[in-house]
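Below are the chains, spelled out letter by letter.
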Amino acid sequence: MQHISALIANLKTQSPLVQSITNYVVMNNTANALLAAGASPIMAHAHSEVKDMVSIVGALVINIGTLDEYWSDSMLHAAAHAHATQKPWVLDPVGAGATPYRNGLLTKLLAYKPSVIRGNASEIMSLASVNIKSKGVDSTNSSDEALDAGIQLSKQTGAVVVISGQVDYIIDGERVAQVKNGNPLMAKVTGMGCTASAITGAMIAIEKDYFLASTAAMVLMGIAGDIASEKAEGPGTLQLYFYDALHNLTAEVIEERMIVAYP
Amino acid sequence: MQHISALIANLKTQSPLVQSITNYVVMNNTANALLAAGASPIMAHAHSEVKDMVSIVGALVINIGTLDEYWSDSMLHAAAHAHATQKPWVLDPVGAGATPYRNGLLTKLLAYKPSVIRGNASEIMSLASVNIKSKGVDSTNSSDEALDAGIQLSKQTGAVVVISGQVDYIIDGERVAQVKNGNPLMAKVTGMGCTASAITGAMIAIEKDYFLASTAAMVLMGIAGDIASEKAEGPGTLQLYFYDALHNLTAEVIEERMIVAYP
Amino acid sequence: MQHISALIANLKTQSPLVQSITNYVVMNNTANALLAAGASPIMAHAHSEVKDMVSIVGALVINIGTLDEYWSDSMLHAAAHAHATQKPWVLDPVGAGATPYRNGLLTKLLAYKPSVIRGNASEIMSLASVNIKSKGVDSTNSSDEALDAGIQLSKQTGAVVVISGQVDYIIDGERVAQVKNGNPLMAKVTGMGCTASAITGAMIAIEKDYFLASTAAMVLMGIAGDIASEKAEGPGTLQLYFYDALHNLTAEVIEERMIVAYP
């Protein structure tokens, strides 16, 4: 477990460049979270430069939240280039299953082999179904069902799969980690999931074991959320204390607070 | 008056899905406000899926703040679909009167019969004028003049008209409610008006009497602003305490604090 | 030095209209900062109205952060119209030097003679090089080197050049001012540089001596940052206290705290 806290501390010294092609709602949040955690955010999506940007960053994060036809192409260009140049990348399948358009784009993006897929239970279950072209989107959010879907999705895609929730699951084929840090109030702040994907991007930029890197990302998110929720009086103050906590976290505090299990 | 506090409390139990096609500046604010108040925000505007999204939500909010040609079409597609399927929707005519382009789009949107139109005094006065194709945009912000314009606009369009200001007016033809909660410092936080429109969207998703629903939305905004401004030392802290207050408000506090008149 | 504090105080009484064509990440921040400082923000970029908007504002700010082909054209239309109608405007060359696409757009924008160019050391150095079509982008961030590049860029373009950093430089040909207010934690909040450009836009809307106006803008930013960092426990709370400070600043506090030198 030493490794996770050391990895988190390394973010601040290595300050990896992380490109996000993400949704309008959370751009500000995720840029602030990356800065607070020690990384350097870049947001660039123009067809005229998206590949040039992928070439200079340590990792790429694609989040399909407020996609449209132009942005879909930006995402596909970026993912293709990341795949071709072996740049690690994270897929955040926001709203998977909500519309055929979203599902169509996700199928294309999966072909470019994301290093990590991070979503909530419904999104991961939907994505597993889309991929095997079977029974359609399951709307239940049961953790157990999502875990099975996550294991299946990881095997199908070769990606590390992260399911965010009260307990976070990090899945690499048969390997599973559980992170039990975090607070329910975090769900009342928009973009906390997207922020988890961004932080995961920062971690895989500095650590090639993506299972370990993703686990560290969820630990960092969860502990910052724990600390913030101890002071917060609601979702507004939680968000601000969350950035403060990300910025102030030390390896010692991580060691002390992290709750990780390998069931 | 019992009804208003009960309605606000219901938001947290019913958690309606609210789709916003809104401006870039306030997306994060409005998503956070909807979450804090108990609703579930969706932001989706792609031509390829905008109608699919309208089909699954409880209400739609269209805010023309940072419109361009693509987004204008998204708004028209969404409004047309909401109209055709009798889904309640809110129009926020940001910057009405500022340019011919904006006025042209607003005329087209009005044809799809918004359930509620919410704006500031200038916007409502401009919109009334646009609609009757008369004397052009009046730049004064007098409440009385705006009230007359609001009554006229409500009669012309069949919509409930909400005029935000130091006193908020909610107008349904001849029926008028006044909400006197709220604090001037709220005007120094960007997107508070847009947030009021979003919260109105959440309310009309759970209450078919749009006059009552809109009044409840303005009461919720105003009281959360009152509570936040008691603690805030400026517009920065006000915004955060505002989300906290939205999240923590109970029916009892609403009853105690609300100042509604029917003149 | 009296003049700087008076100028800052004037923002709140004159409340100039400032149009920003800026990046998605910081739109909310910069709108809030403009409001808190006393100005009125407008964000509008549609080709169908961008010139109409430039016609009604006091100043224009162009920030190329998350540019794409549509937005590039918006920026060019707006800059051309500002140039043709002698409206003052600020160029914020975010990511100058990162890609050929960005550099190409910057070259075109410079042809429309920005009143002020504000960037960090790397961006200013890159821009000076782009313009003289010489040795390519220098990646070092040395203040001295950036100062020389800034002087050169100011002479080439006729613009006031502002270099943000631990010490801010304001350059008008041979004239140089240094502002030493500000705190390193500000660099951990996304969009602080973009906010400085927006505030500069507000200042040049009310003061035709752009060297003085830009110096006042950097003083305002720096002192608000100083005050905020005295209370903040990290970048999250810093951002909020920063808006509070912008809103509450008086000419007296400016006089007391400002550290300006003309070396």
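Note that the structure is a prediction, hence the values are computed from the model and not measured.

Draft legend 1. Structural view of the overall build of chain A. Looking only at helices and strands, chain A features 11 helices and 9 strands. A compact globule built from 263 residues would reach a C-alpha radius of gyration of about 18 Å, and chain A, at 17 Å, matches this within 12%. For chain A, the spread of C-alpha atoms along the three principal axes comes to 45 × 40 × 35 Å. If you take every contact in chain A between residues at least 6 apart in sequence, the share linking residues at least 24 apart comes to 71%.

Draft legend 2. Main features of the relation of the copies chain C and chain A. Placing chain C over chain A gives an RMSD of 0.0 Å and needs a rotation angle of 120°, together with 0.0 Å of translation along the axis. With respect to symmetry, the two chain copies, as superposed, fit the operation of a three-fold axis. Judged by C-alpha distance, Tyr24 of chain C is the residue of chain C that lies nearest the rotation axis, at 3.8 Å. By residue overlap, the copies meet through two different surfaces: only 8% of the interface positions of chain C are interface positions in chain A.

Draft legend 3. Geometry of the interface of chain C and chain A. Listed per partner, the contact involves 26 residues of chain C and 25 residues of chain A. Together, the buried faces of chain C and chain A total about 2,100 Å²; carbon and sulfur atoms form 57% of this surface. When the area that chain C buries against chain A is broken down by residue, the three leading residues are Tyr24, Val25 and Lys188 of chain C, summing to 25%. For the pair chain C and chain A, the interface holds 2 salt bridges. For the salt bridge of Glu233 of chain C with Lys231 of chain A, the shortest nitrogen-to-oxygen distance reads 2.9 Å. Along the contact surface separating chain C from chain A lie 13 residue pairs in polar contact (both at pLDDT 80 or more). Looking at the side of chain C that touches chain A, the elements with two or more residues in it are helix 5 (100-110) and helix 10 (235-248) of chain C.

Draft legend 4. Region of the structure containing the UniProt feature "binding site: substrate" (unreviewed entry) in chain A. Taken from the UniProt record, the annotation "binding site: substrate" (unreviewed entry) applies to Met43 and Gly191 of chain A. Residue placement: Met43 of chain A occurs in strand 2 (residues 40-43). Residues contacting Met43 of chain A, with those up to four places away along its chain left out, are Ser20, Thr22, Met27, Thr30 and Ala31 of chain A together with Val25, Gly65 and Thr66 of chain C. Within the element layout of this structure, Gly191 of chain A appears in the loop between strand 8 (175-179) and helix 8 (192-206). We classify Gly191 of chain A as buried; its relative accessible area is 13%.

Draft legend 5. Representation of the sheet that holds strand 3 (residues 59-63) of chain A. All names here are of chain A. With mixed pairing, the 9 strands of this open sheet are ordered in space as 2-1-3-4-5-6-7-8-9. The sheet is open, and its two borders are formed by strand 2 and strand 9 (260-261), each paired with just one other strand. Taken together, the 4 bridges between strand 1 (residues 17-21) and strand 3 define a ladder with parallel strand orientation. Looking at the pairing, Gln19 lines up with Leu60 of strand 3. This element, helix 5 (residues 100-110), spans strand 3, strand 4 (89-92) and strand 5 (116-120) of the sheet and lies at about 160° to strand 4.

The rules behind these values
- Residues numbered from 1 in each chain as written.
- Chains lettered and ligands numbered in written order.
- Predicted model: local features only at pLDDT ≥ 70, side-chain atom pairs only at ≥ 80, totals over all residues.
- Heavy atoms only, no water.
- Helix = DSSP H or I, 4+ residues; strand = E, 2+ residues; numbered from the N terminus.
- Rg over C-alpha atoms; globule rule 2.2 N^0.38 Å.
- Contact = heavy atoms within 4.5 Å.
- Least-squares fit on C-alpha atoms with pLDDT ≥ 70 in both.
- Buried area = accessible area lost by both parts, 1.4 Å probe.
- Salt bridge = Lys/Arg side-chain N within 4 Å of Asp/Glu carboxyl O.
- Polar contact = N/O pair within 3.5 Å; in protein donor to acceptor, adjacent residues only side chain to side chain.
- UniProt positions renumbered as here; feature names shortened; annotations may be inferred.
- Buried < 20%, exposed > 50% of the residue type's maximum accessible area, 1.4 Å probe, protein only.
- Pairing = 2+ DSSP bridges.
- Axes fitted to C-alpha atoms, helices over the stretch in contact; angles between N-to-C directions.

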